[in-house]
Amino acid sequence: MYRFSNTVIGFLNLFTLLASIPIIGGGLWMARSSTTCESFLQTPLLVVGFVVLIISLAGFIGACFHVAWALWVYLVIMLFIIATLMGLTIFGFVVTSQGGGVEVPGRVYKEYRLQDYSPWLRDRVKDPEYWRTIRSCILGSKTCAKLASWTPLDYSERDMSPIQSGCCKPPTSCNYNMETLVPQEADCYRWNNSPTLLCYECESCKAGVLEDVRRDWHKLSVLNIVMLVLLIGIYSIGCCAFRNTRRAETDYPYGENRMSKVRPRWDYYWWRWWHDKRDLLY
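The name given to the protein chain in an unreviewed UniProt entry is Tetraspanin-6, with the source organism recorded as Manihot esculenta. We quote the UniProt Subcellular location (unreviewed entry) comment for the protein chain here in full: "Membrane". What the UniProt record of the protein chain gives under Sequence similarities (unreviewed entry) is the line "Belongs to the tetraspanin (TM4SF) family."

Asks: Run through the overall build of the protein chain, naming residues and quoting values.
Replies: Counting secondary structure elements, the protein chain contains 11 helices and two strands. Reading the secondary structure of the protein chain in the N-to-C direction produces α-α-α-α-β-β-α-α-α-α-α-α-α. By the burial criterion, 32% of the 282 residues in the protein chain qualify as buried. Nonlocal contacts in the protein chain, meaning residues at least 24 apart in sequence, comprise 66% of its contacts between residues at least 6 apart. On the protein chain, roughly 18700 Å² of surface is accessible, and the fraction owed to carbon and sulfur atoms is 64%.

Asks: Residue-level account of the environment of Lys 146, with values.
Replies: Looking at the element boundaries, Lys 146 is found in the loop between α6 (128-141) and α7 (152-157). Spatially, the C-alpha atom of Lys 146 lies 9.1 Å from that of Gln 164, the residues being 18 residues apart in sequence.

Each value, and the rule that gives it
Residues numbered from 1 in each chain as written. Predicted model: local features only at pLDDT ≥ 70, side-chain atom pairs only at ≥ 80, totals over all residues. Heavy atoms only, no water. UniProt positions renumbered as here; feature names shortened; annotations may be inferred. Helix = DSSP H or I, 4+ residues; strand = E, 2+ residues; numbered from the N terminus. Buried < 20%, exposed > 50% of the residue type's maximum accessible area, 1.4 Å probe, protein only. Contact = heavy atoms within 4.5 Å. Areas by Shrake-Rupley, 256 points an atom, 1.4 Å probe, with all protein chains shown as cover.

Right under this line is the structure:
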């Protein structure tokens, strides 16, 4: 007879098993795409999809068909996933604790400085190969093309995303109308009017990318906490299902019909002797 915990684990893993199929399909579709942004995410999607598929299959078979070793594999992988997810969540909060925009007088948008972010993120974004991938992604998304028709009034009254603020325009403090040269930010000299150059090599552009990463990572960390609570609950139910499956492998479940001892208790022989004597007397 199936136990409640086995039924719950079976349904939960059937759901995650079906959910892993579109995840793997999305990763394979991105692998065939020529867009840099999509291929940049294909490996994590494929890894997550196949891990979810394997663990869901093991949990479903173990819970519904009382296969103890499959449930054992399921619980071991689940424990590893919980520990990994917890570590990534803590790491994400630590890495993204720094950063944020700087208010610009007379403007709605904010500007971003690379030195305000954590050293790990700065080192990551300064890697030439990594930045080449991100730069191609920004160019392909045509983010800056949306600002091509803006008027000076729009720059004063309209907000921008971090990438638009850092990559599509020079820093607001730059002054290109002065007859005499005065020291300015290094990004002021990196700026170019060409649509394929703009400020894509500016530190402000890299800072804008990191701000987007920081915001997305915060959202992902909140989701990770919710997932951790859910996974810990599922893991607890899985432990109950594993115990029920181990019991189902024996001929008799624990209860009244299972002999606790092969040999009788110490008072059994005294009790039989007393009854035999009473029968002889009466």
